[in-house]
Amino acid sequence: LAISTSAVMHASGAIKADYKWWWALQDFFHLGGGLVLLAACMGVFCGITSFMHRLTLRISEVIGATGAPFTMQATILGLVSARPLGMHVLWGSTYIDASKAL
């Protein structure tokens with residue numbers, strides 16, 4: 001956003017300074033750094049989501065192995081695997097919570 005805004009301001013003449021060639025290096029550095037941070041955050045969040053899905057399956061295995069009554073198993077699994085109302089987009093790979101989408 002900062003890079004595109006700066007480019008538009010320079011092109012429209014809103015900034016009364018000549019664009020220096022070494023500013024392009026700074027722009028590419030910030031663009032690359034932003035993309036790396038974005039990829040890292042998406043990777044962490046995808047990893048956490050996958051871990052939580054596997055954790056739900058593991059909890060069901062452990063509760064079943066303890067011999068707990070089925071009503072208790074259903075109650076615990078209902079609490080652990082509850083998902084908020086929302087929708088899946090991008091071929092089911094991304095989940096959007098309804099409260100944040102509206």
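Data block above holds the structure.
Note that the structure is predicted; figures quoted are calculated from it, not measured. (Residues numbered from 1 in each chain as written. Predicted model: local features only at pLDDT ≥ 70, side-chain atom pairs only at ≥ 80, totals over all residues. Heavy atoms only, no water.)

A few points about the overall build of the chain
Put simply, the test is: Helix and strand definitions here come from DSSP, where helices need a minimum of 4 consecutive H or I residues and strands a minimum of 2 consecutive E residues; each element is numbered from the N-terminal end. Throughout, a residue-residue contact means that at least one pair of heavy atoms, one from each residue, lies within 4.5 Å. Note on areas: Shrake-Rupley, 1.4 Å probe, and residue coverage restricted to the protein chains presented here.
Summing up its helical and strand segments, the chain has four helices and two strands in all. Counting only contacts in the chain whose residues sit at least 6 apart along the sequence, the fraction spanning at least 24 positions is 14%. Working note: accessible area of the chain is about 8,400 Å², and carbon and sulfur atoms make up 74% of it.

What about a nonpolar patch on the surface?
Operational definition: Each patch is built from salt-bridge-free residues with over 30% relative accessible area, joining like charges within 9 Å and nonpolar side chains (Val, Leu, Ile, Met, Phe, Trp, Tyr) within 5 Å. A pair is scored as a salt bridge if a Lys or Arg side-chain nitrogen falls within 4 Å of a carboxyl oxygen belonging to Asp or Glu.
Together, Ile-3, Phe-28, Leu-31, Leu-35, Leu-38 and Met-42 make up a nonpolar patch on the protein surface, roughly 600 Å² of accessible area in all. The greatest single-element share of the nonpolar patch, amounting to five residues, is contributed by helix α2 (residues 21-66). Examined against the element boundaries, Ile-3 turns out to sit in helix α1 (residues 2-12).

Digging into the side chain of Gln-73
Structurally, Gln-73 can be placed in helix α3 (residues 70-80). Beyond its immediate stretch of four places on either side in the chain, Gln-73 contacts Ile-63, Gly-64 and Ala-68.

Comments concerning the side chain of Thr-56
Relative to the assigned elements, Thr-56 resides in helix α2. Apart from residues no more than four positions distant in its own chain, Thr-56 is found in contact with Leu-77, Val-80 and Ser-81.

A closer look at the packing of α2 against α3
Threshold: To define axes, lines are fitted to C-alpha atoms, for helices over the stretch in contact only, and angles between the resulting N-to-C directions are given on a 0 to 180 degree scale. Each angle is binned into one of four classes, with values under 35 degrees roughly parallel, values over 145 roughly antiparallel, values of 65 to 115 roughly perpendicular, and all other values oblique. Should the near helix be turned anticlockwise from the far one by less than a right angle, the crossing is left-handed, and should it be turned clockwise, the crossing is right-handed. Note on residue classes: Ala, Val, Leu, Ile, Met, Phe, Trp, Tyr, Cys and Pro are nonpolar, Asp, Glu, Lys and Arg are charged, and everything else, Gly too, is polar.
It is at 10 Å that the axes of α2 and α3 come closest, and there the two elements cross at 170°. The orientation of α2 relative to α3 falls into the category roughly antiparallel. Between α2 and α3 lies a crossing whose hand is right-handed. Between α2, through Thr-56, Ile-59, Ser-60, Ile-63 and Gly-64, and α3, the contact on the second element is made entirely by Gln-73, Ile-76, Leu-77 and Val-80. Partitioned by chemical class, the residues of the contact of α2 with α3 number five nonpolar, four polar and no charged.

Some remarks on the pattern of salt bridges
Heads up, the condition is: Residue burial is assigned from relative accessible area. The probe radius is 1.4 Å, only protein chains are included, and a residue is buried under 20% of its type maximum, exposed over 50%, and partly exposed in between.
Here the structure, examined in full by the defined rule, presents one salt bridge. Measuring nitrogen to oxygen at the nearest pair gives 3.5 Å for the salt bridge that ties Glu-61 to Arg-58. With a gap of three residues between them, Glu-61 and Arg-58 both fall in helix α2, about one helical turn apart. With relative accessibility at 48%, the residue Arg-58 sits in the partly exposed group.

Some points on the environment of Met-9
Here Met-9 is to be found in helix α1. The exposure class of Met-9 is partly exposed, given its relative accessible area of 33%. Filtering out sequence-adjacent residues up to four positions away, Met-9 remains in contact with Ala-14 and Ile-15.

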